[in-house]
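Read off the chains here:
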Amino acid sequence: MIDMELLARKLADAGQGHLLKFFDRLDAETQVRFANELDALDLELLQSLIKSHVLQKPQIALPQDLQPAPYFPLIPRNDSESSYYQKADAAGAELIASGKVAALTVAGGQGSRLGFDGPKGTYPIAPVSGKSLFQYFAESLLSASRKYRTQLHWFIMTSVLNDRMTRDFFAEHDFFGLPENTVHFFTQGFMPAIGYDGKLLMADCGSLALSPDGHGGTLLALRKSGMLELMQQLGVEYLSYFQIDNPLVPVVDKRFIGLHKLENSEMSAITLAKTNAFEKVGNFCIGNGQLLVIEYSDLPEELAQMQDENGRLKFIAGSPAIHVISRKFVERLTAGGRLELDWHRADKKIKCIDCNGNPIDPTEPNGVKLESFIFDALKLADKTMIFEADRKEEFAPTKNATGVDSVESCRLMLTDRDARRLERCGVKIPRRADGTVDAVIEISPLAVWDDADCAAYVRQHDLTAVEAGAKLYLQ
């Protein structure tokens, strides 16, 4: 039972006494729930963040010695590097086959920006079959499990908003062929939204206005949910981390995982060559001896446009939020039940109630949401590693309904990837004058995991050409 007098004093001392203004109006059940919600607040942390991130905008102090971060290139530069990559391939394949690698997917978002009512993972993304993002990844995991003769586990971070719907979606579809005991759901943490006056906002008279604490909260949520302990029991040592909105990403990448192992890295990252100096992705940099990701909006213009002797951007390494993370690193970072990552401010329009309990639906930003980003954990690692990937093969984010990083662009990139794979296997692909594929092509992940599988499929089905204008689904 919560001591309400003590709770009231704590809230008042923290400048948040207004949260109990309507408490006596609530029914007994709501009082208990709301009291527990308030008692769980880290008031000391909130007071500090309000002072540093709400009452003033935090100043971004970049290191004076900021330099581009080094990385392993996609194509080996010499025989020695080529040999090292082959060694990494073997090491990664062994780790996957021995069950020491699991997939970790951040899937707490809703599909509202896509004009879709439901968890983003349930959105039908495949260009021909209409498979959802969840199904596409599930079948990729099944295919990889068969390839490596193992059973990969999948850890999925949901949010309080979509957890039930996500679990029900998997149950309704029989987990897309995955053994139910290999799919593990856990929910991310939340942070209260804060008004510009430093007061926590209330969604109604008996609840706070809460928002997810960002993908940086994944690491702490793993501990609080018991998933770290489960991973240890399962023998999982490495996590292949990716976000739900990018179906091009390999669910496990033997070379990336192998390099992570050989380099004794605690947290590793994929990098993509930026398309231009101001592309809206984070920049991998070295500053004060640490690997940092500097947001595109924080990198000074003169650095963003700086070129090397070959006319290439010096700060070319962009972050697509694809990582390999060692389980022991997460255990170390979260050992005290807290995770010391940087907090980032976002000014938002936040639905809430006013001082009289009346609902407010603002048309302009009225408060701050605070979130942490997983890439900030890189600077806490004793050893890190960055590996370059091919954007066309690994990055097709689905953030908008149309335009850049959209459903449209993602489906086109899925078709393009599968068309290139067929071409490498000798299949003639129809192309328009501008080089784009004159067909809609989808290869089921269940049918093909890699180029070797594709070559076997092409031979088995005597596939020699794709007709112009065709809508082709290979399964």
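Details of the structure are given in the entry above.
A brief report on the enclosed structure follows. Being a predicted model, the structure only gives us computed values, none of them experimental.

### Re the packing of helix H4 (residues 79-97) against helix H9 (residues 254-262)
Contact geometry for H4 and H9: axes closest at 7 Å, N-to-C directions at 100 degrees. The angle between H4 and H9 falls in the class roughly perpendicular. The residues of H9 that touch H4, namely those facing Tyr-84, Tyr-85, Lys-87, Ala-88, Asp-89, Ala-91, Gly-92, Ala-93, Leu-95 and Ile-96, are Lys-254, Arg-255, Ile-257, Gly-258, Leu-259, Lys-261 and Leu-262. Per-class residue counts for the contact of H4 with H9 are ten nonpolar, two polar and five charged.

### Concerning the state of the cysteines
Per the stated rule, a full pass over the model turns up zero disulfides. The cysteine Cys-425 is free of any disulfide, with Cys-454 supplying the nearest cysteine sulfur at 3.6 Å.

### Some points on helix H3 (residues 43-54)
Quick reminder: α-helices carry 3.6 residues per turn. Residues three or four places apart thus point the same way. Where H3 is concerned, the buried positions are Leu-43, Leu-46, Leu-49, Ile-50, His-53 and Val-54. All buried residues of H3 fall inside an arc of 120 degrees around its axis, so they share one side. When the buried face of H3 is taken as reference, the exposed residues oriented beyond 90 degrees from it are Glu-44 and Lys-51. The secondary structure elements touched by the buried residues of H3 are helix H1 (4-13), strand S5 (190-192), strand S6 (194-195), strand S16 (344-348) and strand S19 (367-371).

### Some remarks on unusual backbone geometry
Backbone geometry at Asn-288 places phi at a positive 55 degrees, although glycine is not the residue there. Relative to the assigned elements, Asn-288 resides in the loop between strand S12 (282-287) and strand S13 (290-294). Not every positive phi belongs to a glycine, and Asp-462 is a case in point at roughly 50 degrees.

### Quick word on the packing of helix H13 (residues 407-424) against helix H14 (residues 451-460)
Where H13 contacts H14, the axes come no closer than 9 Å and their chain directions differ by 65 degrees. With respect to their mutual orientation, H13 and H14 come out roughly perpendicular. Of the two elements, H13 crosses H14, and the hand of that crossing is right-handed. Listed contacts from H14 to Arg-421, Leu-422 and Arg-424 of H13 are Asp-451, Cys-454 and Val-458. For the contact of H13 with H14, the per-class residue count stands at three nonpolar, no polar and three charged.

### Focus: the pattern of salt bridges
Taken as a whole and judged by the stated rule, the model has 25 salt bridges. A salt bridge links Glu-81 to Arg-77; the nearest nitrogen and oxygen atoms lie 2.6 Å apart. A relative accessible area of 10% places Glu-81 in the buried class. For Arg-77, a relative accessible area of 59% translates into the label exposed. For Lys-120, the salt bridge goes to Asp-245, with nearest N and O atoms at 3.8 Å. With Lys-120 in the loop between strand S2 (101-106) and helix H5 (133-147) and Asp-245 in the loop between strand S10 (238-243) and H9, this pair connects stretches of sequence that are 125 residues apart.

### Side note on the side chain of Glu-388
Topologically, Glu-388 is positioned in strand S20 (residues 384-388). No salt bridge is formed by the buried Glu-388; its nearest oppositely charged neighbour, Arg-312, is found at 4.3 Å. Side-chain polar atoms of Glu-388 contact the backbone nitrogen of Leu-74, separated by 3.0 Å. Here Glu-388 is in contact with Tyr-71, Phe-72, Pro-73, Leu-74, Thr-271, Ala-273 and Arg-312, once residues within four sequence places are set aside.

### Comments concerning the pairing of S10
Most of S10 sits inside the fold, with six of its six residues counted as buried. The alternating pattern of S10 places Tyr-238, Ser-240 and Phe-242 and Leu-239, Tyr-241 and Gln-243 on opposite faces, both of which are buried. Of the pairings in the sheet, the one linking S2 to S10 comprises six bridges and is parallel in character. Bridge pairing in S10 places Thr-105 opposite Phe-242. As judged from the four bridges shared by S10 and strand S15 (residues 323-326), these two strands associate in the antiparallel manner.

### Examining the packing of aromatic side chains
According to the stated counting rule, one finds 14 aromatic pairs in the structure shown. A ring pair is formed by Phe-72 and Tyr-84, whose centres lie 6.1 Å apart and whose planes are at 35 degrees; its orientation type is tilted. Of the two residues, Phe-72 sits in the loop between strand S1 (67-68) and H4 while Tyr-84 sits in helix H4, which places them twelve residues apart along the sequence. Looking at Tyr-84, the relative accessible area reads 23%, which means it is partly exposed. Ring centres of Phe-72 and Tyr-85 lie 6.3 Å apart, and the angle between their planes is 65 degrees; this geometry places the pair in the edge-to-face category. Taken together, the positions of Phe-72 in the loop between S1 and H4 and Tyr-85 in helix H4 put the pair 13 residues apart, joining distant regions of the chain. For the pair Phe-72 and Tyr-85, a shared accessibility class is recorded, and that class is buried.

### Remarks on helix H2 (residues 28-39)
Under the 1.5 Å per step criterion, the end-to-end length of H2 is 16 Å for twelve residues, consistent within 8% with the ideal 16 Å. The set of residues buried in H2 consists of Phe-34, Ala-35 and Leu-38. Considered in projection along H2, the buried side chains sweep an arc of 105 degrees and stay on one side of the axis. Residues of H2 that are exposed and point more than 90 degrees away from the buried face comprise Glu-29 and Val-32. Here H2 starts with a cap whose side-chain oxygen sits 3.2 Å from the backbone nitrogen of Glu-29, and that cap is Asp-27.

Rules and cut-offs
- Residues numbered from 1 in each chain as written.
- Predicted model: local features only at pLDDT ≥ 70, side-chain atom pairs only at ≥ 80, totals over all residues.
- Heavy atoms only, no water.
- Axes fitted to C-alpha atoms, helices over the stretch in contact; angles between N-to-C directions.
- Helix = DSSP H or I, 4+ residues; strand = E, 2+ residues; numbered from the N terminus.
- Parallel < 35°, antiparallel > 145°, perpendicular 65-115°, else oblique.
- Contact = heavy atoms within 4.5 Å.
- Nonpolar A, V, L, I, M, F, W, Y, C, P; charged D, E, K, R; others polar.
- Disulfide = S-S within 2.5 Å.
- Buried < 20%, exposed > 50% of the residue type's maximum accessible area, 1.4 Å probe, protein only.
- Arc of directions from axis to C-beta.
- Left-handed = near helix turned anticlockwise from the far one by under 90°.
- Salt bridge = Lys/Arg side-chain N within 4 Å of Asp/Glu carboxyl O.
- Lys, Arg positive; Asp, Glu negative; His and termini not counted.
- Polar contact = N/O pair within 3.5 Å; in protein donor to acceptor, adjacent residues only side chain to side chain.
- Pairing = 2+ DSSP bridges.
- Phe/Tyr/Trp six-rings, centres within 6.5 Å; stacked < 30°, edge-to-face > 60°.
- Expected span 1.5 Å × (residues − 1).

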